[in-house]
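Listed here are the chains, written in short residue letters.
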Amino acid sequence: MSGIYRVFNLLSRPSRQLSVPSRPFSSITQKVAATNKTLQVEQDYERHVAQNYTPLKEVVLERGEGVFVYDIEGRRYYDYLTGFSAMNQGHRHPKILAALKEQADKLTLTGRFYYNNVLGEYAKYATELFGYDRLLPMNAGVEASESSVKMARRWGYEVKGVPDNEAKVIFCHNNFWGRSIAAANA
């Protein structure tokens, strides 16, 4: 039978206490068979989506709630990946959804080439809270890493007097921090 391994849904029996099994991980897994619906989604994905990631086979996620995600067959999984730690709060947190809806009802997004009525207030709060002079809001970790490289180079040129185009940035080998050109070559 083809399939990936799915962690047993230990919460499906509310009367049982959860505990960490002493057996190896493979002993608490089961095979999940792919259906025609799942295989069709995978084929469309592989044909039409750029292949910069290799998704887990035979699991096509459709929705999430808290720490769980559900596939198109209705099976429930623990979301251990959480967007590679970009979503530690879980899926569909009620307070976050309410705040998103409230903001989206007013204004969905502004570029940094406009002022908006909340960024300055947020920046003031965050910089005072953490004791920094300024902040640079980001959408993703790779943006933060790319910006830190740019700031370090600029600091080297302006403060340390490094000659133009001679700054060197040292990266840790095999340290994943995104899919940009700098990250992929780090």
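Here the structure is a predicted model, which is why all the values come from computation and not from measurement. (Residues numbered from 1 in each chain as written. Predicted model: local features only at pLDDT ≥ 70, side-chain atom pairs only at ≥ 80, totals over all residues. Heavy atoms only, no water.)

When you look at unusual backbone geometry in this model, what are you seeing that I'm missing?
Here the phi dihedral of E58 falls at roughly 65°; this positive angle occurs in a residue that is not glycine. Of note, E58 is situated in the loop between α1 (36-48) and β3 (61-65). Given the relative accessible area of 10%, E58 is considered buried. Positive phi is not limited to glycine here, since R92 has a value of about 60°. Structurally, R92 can be placed in the loop between α2 (82-85) and α3 (94-106). (Helix = DSSP H or I, 4+ residues; strand = E, 2+ residues; numbered from the N terminus. Buried < 20%, exposed > 50% of the residue type's maximum accessible area, 1.4 Å probe, protein only.)

How do you make sense of the sheet that holds β3 when you look at a structure like this?
Backbone-to-backbone hydrogen bonds pair the strands of a sheet. The strands run either parallel or antiparallel. Taking strand neighbours across the sheet as the criterion, the 3 strands line up as β3-β4-β5 in an open arrangement whose pairing is antiparallel. Edge strands, defined here as strands with exactly one partner in the open sheet, are β3 and β5 (76-78). Ignoring which end each strand starts from, the neighbouring axes of this sheet average 30° apart. When strand β4 (residues 68-71) meets β5, the two strands line up antiparallel, connected through 3 bridges. Counterpart to Y70 in the pairing with β5 is R76. (Pairing = 2+ DSSP bridges. Axes fitted to C-alpha atoms, helices over the stretch in contact; angles between N-to-C directions.)

What am I meant to see in the packing of aromatic side chains here?
To describe a pair of aromatic rings, one takes the distance between the centres and the angle between the planes. Within the structure shown, the criterion is met by 4 aromatic pairs. Relative to Y78, the ring of F68 has its centre 5.0 Å away and its plane inclined at 40°; by these criteria the two rings are tilted. Of the two residues, F68 sits in strand β4 while Y78 sits in strand β5, which places them 10 residues apart along the sequence. Judged by relative accessible area, which is 11%, F68 ranks as buried. The class of Y78 is partly exposed, set by a relative accessible area of 21%. Seen from their ring centres, Y78 and Y80 are 5.5 Å apart, and the 35° between their planes marks the pair as tilted. Among the aromatic residues, ring-to-ring pairing joins F68, Y78 and Y80 into one connected group. We note R63 situated over the ring of Y70; from NZ or CZ to the ring centre the distance is 3.9 Å. (Phe/Tyr/Trp six-rings, centres within 6.5 Å; stacked < 30°, edge-to-face > 60°. Lys NZ or Arg CZ within 6 Å of the ring centre and 35° of its normal.)

What am I meant to see in the pairing of β4 here?
For a regular strand, side-chain orientation follows a simple rule: the groups alternate between the two sheet faces. Here β4 shows two buried faces, one formed by F68 and Y70 and the other by V69 and D71. What sits between the antiparallel neighbours β3 and β4 is a turn of 2 residues, in which G66 has the positive phi angle 60°. Here β4 hands over to β5 after 4 residues, with G74 in that stretch at a positive phi of 90°.

Hey, could you run me through the pattern of salt bridges in this one?
Side chains that differ in sign of charge can pair as their charged atoms come close. Counted by the stated rule, this structure contains 7 salt bridges. Close ionic contact of E65 with R92 constitutes a salt bridge, the shortest N to O distance being 2.2 Å. Highlighted residues: E65 in strand β3 and R92 in the loop between α2 and α3, separated in sequence by 27 residues. For E65, a relative accessible area of 36% translates into the label partly exposed. Close ionic contact of D105 with K101 constitutes a salt bridge, the shortest N to O distance being 3.0 Å. One end of the pair, D105, and the other, K101, are both in helix α3, 4 residues apart, so they sit about a helical turn from each other. Judged by relative accessible area, D105 falls into the exposed class, the value being 57%. (Salt bridge = Lys/Arg side-chain N within 4 Å of Asp/Glu carboxyl O.)

Any chance you could explain a nonpolar patch on the surface here in plain terms?
Among the surface-exposed residues, Y125, L129, F130 and Y132 lie close enough to one another that they form a single nonpolar patch of about 540 Å² accessible area. Within the secondary structure, Y132 is located in the loop between α4 (119-130) and α5 (141-158). (Patch = residues over 30% accessible without salt bridge, like charges linked within 9 Å, V, L, I, M, F, W, Y side chains within 5 Å. Areas by Shrake-Rupley, 256 points an atom, 1.4 Å probe, with all protein chains shown as cover.)

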